[in-house]
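Chain by chain, the residues run as shown.
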Amino acid sequence: MSAVAFKIVIPARYASTRLPGKPLLDLGGKPMIVRVAERARLAGAEEIWVATDSQEVRAAAEACEVAALMTRADHPTGTDRLAEVVEQRGWSGETIVVNVQGDEPLIDPEIIIQTARQLATSGADIATVAHPITEAGDFFNPNVVKVVCRADGDAAYFSRAPIPYARDHFARENGGETLPAGFPAYRHVGLYAYRASFLKAYAGLSVAPTEQFESLEQLRALWHGYRISVALIDAAPAAGVDTPEDAERMRKLFDRV
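Nothing here was measured: the structure is a model prediction, and the numbers come from that model. (Residues numbered from 1 in each chain as written. Predicted model: local features only at pLDDT ≥ 70, side-chain atom pairs only at ≥ 80, totals over all residues. Heavy atoms only, no water.)

As for the overall build of the protein chain
Within the protein chain one finds 10 helices and 11 strands. Taken over C-alpha atoms, the radius of gyration comes to 19 Å for the protein chain, in line with the 18 Å a tight globule of 257 residues would show. Taking all 257 residues of the protein chain together, 48% fall into the buried category. Counting contacts in the protein chain only where the partners sit at least 6 residues apart, residues at least 24 apart contribute 67% of the total. For the protein chain, the computed accessible surface area is about 12400 Å², with 50% contributed by carbon and sulfur atoms. For the protein chain, the distance from the average position of its 27 positive side-chain charges to the average position of its 34 negative side-chain charges is 1 Å. (Helix = DSSP H or I, 4+ residues; strand = E, 2+ residues; numbered from the N terminus. Rg over C-alpha atoms; globule rule 2.2 N^0.38 Å. Buried < 20%, exposed > 50% of the residue type's maximum accessible area, 1.4 Å probe, protein only. Contact = heavy atoms within 4.5 Å. Areas by Shrake-Rupley, 256 points an atom, 1.4 Å probe, with all protein chains shown as cover. Lys, Arg positive; Asp, Glu negative; His and termini not counted. Charge placed at Lys NZ, Arg CZ, Asp CG, Glu CD.)

In structure tokens:
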């Protein structure tokens, strides 16, 4: 299969409720944002940009030869920040832009490539990733976002609710302590590839009612008729850094490298 051309943007807000200054977290002598960029480089993108609202983050990236640009501090979402990068860089509407989260220093480059390829081959507006749910606890956990797909591989809906619902099995199991065999339940992984044309249109899209209640930004795209193609992987990717406990775990890991 021929290689897919794509660009990577790593949004990096300095402010974080649980971990202020998270992009600058020291991991084995380098800021976390640089560790993420180093992993992203292995995917073979045409360009990689850190998009930040902090001069300190920009300086830290550039000191390690990672390209960075300043974006506005008032963006409500990372998608809005990506849209500004598309505008600043003047990318064409067909450009594939992969959004790599700035708190995933262990991200698998192969998943980045797979997501970009999913977008290129599906003809969708957005591509994302999911893996099978095998534990009932995850299925019923509202912090685990589920996705139901159509026959063509596009997402039909994302939800924090347990979907699809195995009515007869859960009735027999008295609330659902197990999942039935062959159950098509998938956990959404928040890695996205976008066509730049979608990012250019995003700011003008009204918030979807479902998005407001589910607190899931991707529902805005579905509400307005955009296609989201889902790449399936076998298991959950390496966890990122969301809490002080995650930060300590990651520090210890990089200290051993």
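Focus on unusual backbone geometry
Most peptide bonds are trans, and most residues other than glycine sit at a negative phi. A cis geometry characterises the amide bond from isoleucine 163 onward to proline 164, with omega recorded as -10°. Note that proline 164 resides in the loop between strand 9 (155-159) and helix 6 (167-172). For glutamate 65, which is not a glycine, the phi torsion comes out positive at approximately 60°. By secondary structure assignment, the location of glutamate 65 is in the loop between helix 2 (55-63) and strand 5 (68-70). Overall, the relative accessible area of 69% leaves glutamate 65 in the exposed class. With a phi angle near 55°, serine 215 is a residue other than glycine that sits in the positive phi range. Along the chain, serine 215 turns up in the loop between helix 8 (209-214) and helix 9 (218-223).

Quick notes on helix 4 (residues 109-122)
For helix 4, with 14 residues, the first-to-last C-alpha span of 20 Å sits near the 20 Å given by 1.5 Å per residue. For helix 4, the complete set of buried residues consists of Pro109, Ile111, Ile112, Ile113, Thr115, Ala116 and Leu119. Taking the backbone nitrogen of glutamate 110 as reference, a side-chain oxygen 2.9 Å away marks aspartate 108 as the first, capping residue of helix 4. A positive backbone phi angle near 75° is found at glycine 123, which sits one or two residues after helix 4. (Expected span 1.5 Å × (residues − 1). Polar contact = N/O pair within 3.5 Å; in protein donor to acceptor, adjacent residues only side chain to side chain.)

Some points on the pattern of salt bridges
Under the criterion given, the structure shown has 16 salt bridges. Measuring nitrogen to oxygen at the nearest pair gives 3.2 Å for the salt bridge that ties glutamate 46 to lysine 7. Residue glutamate 46 is located in the loop between helix 1 (32-41) and strand 4 (47-52), and its partner lysine 7 is located in strand 1 (residues 7-12); the two are separated by 39 residues in the primary sequence. The exposure class of lysine 7 is buried, given its relative accessible area of 10%. Here aspartate 154 and arginine 227 are joined by a salt bridge, their closest N and O atoms 2.6 Å apart. Of the two residues, aspartate 154 sits in the loop between strand 8 (146-149) and strand 9 while arginine 227 sits in the loop between helix 9 and strand 11 (228-232), which places them 73 residues apart along the sequence. Here the residues in one salt-bridge network are Lys7, Glu46, Glu47 and Arg89, joined through shared partners. (Salt bridge = Lys/Arg side-chain N within 4 Å of Asp/Glu carboxyl O.)

Some words on the packing of aromatic side chains
Per the counting criterion, the structure on display carries 10 aromatic pairs. Relative to phenylalanine 170, the ring of tyrosine 165 lies with its centre 4.9 Å away and its plane at 65°, an arrangement referred to as edge-to-face. Look at tyrosine 165 and you get partly exposed, because its relative accessible area is 49%. On the basis of relative accessibility, which here comes to 2%, the residue phenylalanine 170 falls in the buried class. Arranged with centres 4.8 Å apart and planes meeting at 80°, the rings of phenylalanine 198 and tyrosine 226 form a pair that is edge-to-face. One end of the pair, phenylalanine 198, is in helix 7 (residues 196-202); the other, tyrosine 226, is in the loop between helix 9 and strand 11, with 28 residues separating them in the sequence. Owing to a relative accessible area of 3%, phenylalanine 198 belongs among the buried residues under this scheme. Taking relative accessible area as the criterion, tyrosine 226 reaches 21% and is therefore assigned partly exposed. (Phe/Tyr/Trp six-rings, centres within 6.5 Å; stacked < 30°, edge-to-face > 60°.)

Observations concerning the side chain of threonine 77
Along the chain, the position of threonine 77 falls in the loop between strand 5 and helix 3 (78-89). On the basis of relative accessibility, which here comes to 16%, the residue threonine 77 falls in the buried class.

Focus: the nonpolar core
The biggest cluster of nonpolar side chains holds 41 residues, and the ones touching the most others in it are Phe6, Ile8, Ile10, Val50, Val98, Val100 and Ile112. The element best represented in this core is helix 1, accounting for 6 residues. Setting aside anything within four residues of it in sequence, one finds valine 100 in contact with Ile8, Val9, Ile10, Pro11, Val36, Ile107, Ile112 and Leu191. The next biggest cluster of nonpolar side chains, apart from the first, holds 28 residues, and it includes Leu69, Val145, Tyr202 and Ala221. (Core = buried A, V, L, I, M, F, W, Y, C linked by side-chain atoms within 4.5 Å.)

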